[in-house]
Amino acid sequence: MALEVTAPTNGKKVVPEEEHPRKAFGLAAHDSSGLLSHFPFSRRNNGDTDVTIRILYCGICHSDLHSIRNEWKNTIYPIVPGHEIVGEITEVGSNVKNFKLGDKVGAGCLVESCRSCPSCTTGFENYCSGMILTYNSVHPKDGTMTYGGYSDMIVVDQDFVVHIPESLPLDKAAPLLCAGITVYAPMKYHGLNAPGKHLGVVGLGGLGHVAVKFGKAFGMKVTVISSSPSKEKEAIERLGADVFLVSSNAEQMKVAMSSMDGIIDTVSATHSIQPLLALLKPHGKMILVGAPEKPLEVHSFALISGGKTLAGSPIGGIKDTQEMINFAGKHNVTADIELISADYVNKAMERLVKADVKYRFVIDVAKTFKSNV
Amino acid sequence: MATEMTNGKKVAPEAEHPRKAFGLAAHDNSGVLSPFAFSRRNNRDSDVTIKILYCGICHSDLHSIKNEWKNTIYPIVPGHEIVGEVAEVGSKVEKFKVGDKVGVGCLVGSCRSCAGCTTGFENYCPLPIFTYNSKDPEDGTVTYGGYSDMIVVDQDFVISMPENLPLDKAAPLLCAGITVYAPMKYHGLNTPGKHLGIVGLGGLGHVAVKFGKAFGMKVTVISSSPSKEKEAIERLGADAFLVSSNPEQMKAAVFSMDGIIDTVSASHPVASLLALLKPNGKMIMLGLPEKPMEIPAFSLVFGGKMLAGSCIGGLKDTQEMIDFAGKHNLTADIELISADYVNKAIERLIKADVRYRFVIDIANTLKSNI
């Protein structure tokens with residue numbers, strides 16, 4: 001086992017196990033192969049405003065895959081991914097008011113932000129230039145890396161923790177902490193959450209299937225647009241979509257022109273945007289939540305004709321995350337998952353590359369993470 | 001030159017309608033304009049007949065006469081920044097009377113029943129009738145625009161001009177004005193204290209600066225021409241000027257703007273402009289570059305930014321815009337030209353050699369025996 005080190009603030013190299021006072025263990029990748037292996041490390045003591053969470057489940061997000069393979073060219077190894085965390089509180093700091101021992105809680109993509117910028121003070125911590133991500137971020141307090149939810153426990157400031165409604169099964173709720181908020185936030189912000197409106201969802205994966213469920217819960221008409229005809233039965237019969245369009249079927253796409261109030265585009269592979277814009281009504285909006293690598297090619301005419309909007313949206317603020325989870329609790333919206341053991345994680349990553357999952361892997365952390373694996 | 005009539009016989013433009021008219025038309029994609037005798041319909045019950053006094057030259061006129069959008073029906077009489085005087089009103093006309101000073105913009109008809117038409121957004125009607133180069137569904141004839149002596153328009157597509165606005169300088173507002181005003185209003189870029197960027201300082205851009213200042217906004221002009229800075233700041237009242245090719249200036253301005261109005265029709269990179277927006281900021285495209293834009297997804301996702309398009313504006317908004325201009329004494333900066341200068345003006349327009357709109361003095365210089 002290679003001993004990777006991080007540089008602490010005093011310049012001496014310290015092994016991850018010794019950075020902080022409390023022992024922890026998890027799964028980390030050590031190079032761009034992305035192979036995850038057992039990784040002993042450490043967590044900070046519980047500060048006055050912190051809660052300590054014994055992690056029960058952690059969803060596998062496509063971002064985890066990008067990060068462990070350094071596809072975004074910003075990975076600092078060793079990396080412990082995971083930002084769809086659900087667990088149980090085992091300790092609360094002296095200034096913690098909103099949580100108590102035993103509470104079932106979640107943590108998503110952010111563990112800290114600057115707290116004072118216009119974004120932070122209006123509930124949009126996801127736009128803070130000083131935001132700290134749950135993994136692969138440098139914590140400003142001590143210069144250490146943040147390690148994510150493929151681990152047995154995590155210490156998080158209370159303001160970045162959300163309650164999980166009692167009615168929601170925890171394993172199926174975990175993916176909502178990233179996939180859920182990532183589609184909910186733009187649906188709310190752009191008014192694509194009103195009964196009777198027509199929502200298109202492009203791509204039927206981790207994000208897409210949750211967007212369909214939220215869309216139906218909002219009372220909207222939902223059309224799934226996909227490149228895979230084989231997903232139609234699933235989309236209509238199991239997920240409750242109203243219509244299914246095959247994006248390569250020109251006739252189907254033509255019939256649906258100018259019919260949608262909004263579209264959530266969850267696809268991260270390179271794909272053609274203009275035919276999707278044509279599906280929007282005048283003033284319609286298309287929201288990109290996936291991030292294709294190559295630039296999108298869009299002729300101005302596709303936006304000018306009909307006064308349409310193309311927007312991006314990254315995760316969501318914490319207040320919206322709690323609202324989203326509460327909404328999910330009220331409407332029994334959960335992700336469709338495949339629960340896996342810790343030792344299956346590399347196999348799961350291989351299958352995720354091929355999109356071979358319906359629709360999120362979730363690691364059964366509590367039962368299958370062993371400190372001596 | 002003849003057009004197809006509904007019965008399949010070709011009819012000369014002069015004989016299509018009962019009333020004689022004359023104007024300037026292009027007959028092929030050279031775009032050269034020459035005197036053109038044609039005809040206008042009789043005044044229907046809901047129509048007003050307008051004696052045209054002035055008509056602005058819009059860049060769209062240039063695109064159309066040269067068939068750059070591949071949809072021109074020749075002969076074409078362009079012009080959709082029309083100001084004139086009411087000469088006749090139909091029996092059902094309540095809004096106007098003879099002698100009123102009025103304007104007509106880019107639309108002379110729409111379906112009246114679609115979601116766009118019934119919510120004040122005739123500009124998004126799927127069946128619009130444009131002021132020129134459109135087929136009128138009533139009789140299949142092609143519409144002829146404002147480079148002419150008179151026009152007959154349904155009252156619902158006619159705008160009342162405020163008395164205090166000089167008509168020649170107000171003419172460009174009928175297209176350039178509404179084209180910037182409508183998205184500024186729709187997207188909330190009309191609020192005191194907000195920071196608005198304007199890309200390109202031409203016909204649309206200079207009017208956007210004026211509206212922005214009238215709304216009480218901070219206005220930054222972004223231009224590829226450093227030479228326009230003095231003009232932008234001292235004459236038009238912009239607060240700041242960025243040269244788009246100056247990386248340091250552009251970098252210093254990242255995350256600073258609530259919105260950007262992009263008026264430029266030449267192809268240009270958008271990623272560096274999107275970077276200027278605050279989180280949830282919006283960039284509105286008004287120009288139509290020929291090539292597609294290349295938009296890195298990151299430029300939109302990081303910061304939750306928006307890129308929207310906008311096409312002219314509805315009639316209610318056009319009247320509101322003109323009334324606002326009247327209240328704030330806001331007009332275009334124009335170069336008034338005679339009808340026989342029009343081809344020269346078009347050549348100069350190609351080189352963007354105008355501050356900032358040519359306006360044809362129709363009443364005084366468009367003569368039927370030119």
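Residues numbered from 1 in each chain as written. Chains lettered and ligands numbered in written order. Predicted model: local features only at pLDDT ≥ 70, side-chain atom pairs only at ≥ 80, totals over all residues. Heavy atoms only, no water.

Draft legend 1. Structural context of the overall build of chain B. When helices and strands are tallied, chain B shows 12 helices and 20 strands. Taken over the C-alpha trace, chain B has a radius of gyration of 21 Å; the compact-globule value for 370 residues is 21 Å, and the two agree within 12%. Out of the 370 residues in chain B, the part that is buried amounts to 59%. Across chain B, 38 positive and 40 negative side-chain charges occur, with their mean positions spaced 3 Å apart. (Helix = DSSP H or I, 4+ residues; strand = E, 2+ residues; numbered from the N terminus. Rg over C-alpha atoms; globule rule 2.2 N^0.38 Å. Buried < 20%, exposed > 50% of the residue type's maximum accessible area, 1.4 Å probe, protein only. Lys, Arg positive; Asp, Glu negative; His and termini not counted. Charge placed at Lys NZ, Arg CZ, Asp CG, Glu CD.)

Draft legend 2. Molecular detail of the interface of chain A and chain B. In this assembly, 30 residues from chain A lie in contact with 31 residues from chain B. The contact between chain A and chain B buries some 2500 Å² in all, and 67% of this surface belongs to carbon and sulfur atoms. Per-residue buried area on chain A facing chain B is highest for Tyr127(A), His283(A) and Ile304(A); these three make up 24% of the total on that side. For the pair chain A and chain B, the number of links is 0 salt bridges. Linking chain A to chain B there are 8 residue pairs in polar contact (both at pLDDT 80 or more). Residue composition of the side of chain A that touches chain B, by class: 17 nonpolar, 11 polar and 2 charged. (Contact = heavy atoms within 4.5 Å. Buried area = accessible area lost by both parts, 1.4 Å probe. Salt bridge = Lys/Arg side-chain N within 4 Å of Asp/Glu carboxyl O. Polar contact = N/O pair within 3.5 Å; in protein donor to acceptor, adjacent residues only side chain to side chain. Nonpolar A, V, L, I, M, F, W, Y, C, P; charged D, E, K, R; others polar.)

Draft legend 3. Molecular detail of helix α4 (residues 176-186) of chain B. Residue and element names in this part refer to chain B. For α4, a buried count of 9 out of 11 residues is recorded, marking the element as mostly surrounded by other parts of the structure. Among the residues of α4, those classed as buried are Ala176, Gly177, Ile178, Thr179, Val180, Tyr181, Ala182, Pro183 and Met184. In this fold, the buried residues of α4 make contact with β12 (195-199), α5 (203-214), β15 (257-262), β16 (277-285), α10 (315-327) and β20 (357-361).

Draft legend 4. Geometry of the packing of aromatic side chains. In the structure shown here, the tally under the stated rule is 24 aromatic pairs over all chains. Pairing Tyr184(A) with Phe218(A) gives two aromatic rings, centres 5.8 Å apart and planes at 40 degrees, and the pair type is tilted. Placement of the pair is Tyr184(A) in helix α4 (residues 179-189) and Phe218(A) in the loop between α5 (206-217) and β11 (221-226), with a sequence separation of 34 residues. For Tyr184(A), a relative accessible area of 4% puts it in the buried group. Under the relative-accessibility criterion, Phe218(A) is labelled buried at 9%. Members of the aromatic cluster, each reached through a chain of ring pairs, are Tyr184(A), Phe214(A), Phe218(A) and Phe327(A). The ring centre of Phe255(B) lies 4.2 Å from the NZ or CZ of Lys305(B), which sits over that ring. (Phe/Tyr/Trp six-rings, centres within 6.5 Å; stacked < 30°, edge-to-face > 60°. Lys NZ or Arg CZ within 6 Å of the ring centre and 35° of its normal.)

Draft legend 5. Quick peek at the pairing of β11(A). All names here are of chain A. Within β11, 5 of the 6 residues are buried, which leaves the element mostly enclosed by the surrounding structure. Alignment of strand β10 (residues 198-202) against β11, held across 5 bridges, turns out to be parallel. Bridged to His198 within β11 is Lys221. For the segment spanning β10, α5 and β11, crossover handedness is right-handed. Pairing of β11 with strand β12 (residues 243-246) involves 4 bridges; the strand directions are parallel. Bridging from a neighbouring strand, Thr223 pairs with Val243 of β12. Assessed by its sense of winding, the connection that carries the chain from β11 through helix α6 (residues 232-238) to β12 is right-handed. (Pairing = 2+ DSSP bridges. Right-handed = clockwise from strand over helix to strand, strands pointing away.)

Draft legend 6. Fine view of the pairing of strand β7 (residues 101-104) of chain B. Residue and element names in this part refer to chain B. Across 4 bridges, strand β6 (residues 82-89) lies against β7 in antiparallel orientation. Note on β7: the bridge partner recorded for Ile82 is Val104. Both β7 and strand β11 (residues 159-160) contribute to a ladder of 2 bridges, which runs antiparallel. In the strand pairing of β11, Val102 is matched with Ser160.

Draft legend 7. Region of interest: the UniProt feature "domain: Enoyl reductase (ER)" (unreviewed entry) in chain A. Taken from the UniProt record, the annotation "domain: Enoyl reductase (ER)" (unreviewed entry) applies to residues 34-363 of chain A. The span residues 34-363 of chain A carries 24% helix and 27% strand; its end-to-end C-alpha distance comes to 17 Å. (UniProt positions renumbered as here; feature names shortened; annotations may be inferred.)

Draft legend 8. Representation of the sheet that holds strand β13 (residues 260-265) of chain A in the model. Reading across the sheet, the 12 strands line up as β12(A)-β11(A)-β10(A)-β13(A)-β14(A)-β16(A)-β18(B)-β16(B)-β15(B)-β12(B)-β13(B)-β14(B) and stay open at both edges, with mixed pairing between neighbours. The outermost strands of the open sheet, each flanked by one partner alone, are β12 of chain A together with β14 (240-243) of chain B. Here the strands of the sheet are splayed against their neighbours by 20 degrees on average, with no regard to which way each runs. Relative to β13(A), β10(A) runs parallel, the two being bridged by 4 bridges. Note on β13(A): the bridge partner recorded for Leu199(A) is Gly262(A). Docked against the sheet, α4(A) engages β10, β13 and β14 (280-288) of chain A together with β16 and β18 (306-309) of chain B, running at close to 155 degrees with respect to β13(A). (Axes fitted to C-alpha atoms, helices over the stretch in contact; angles between N-to-C directions.)

Draft legend 9. Structural context of the side chain of Glu231(B). All names here are of chain B. Within the secondary structure layout, Glu231 lies in helix α6 (residues 229-235). With a relative accessible area of 12%, Glu231 lands in the buried category. Once residues within four sequence positions are removed from consideration, Glu231 is found in contact with Leu236, Arg355 and Tyr356.

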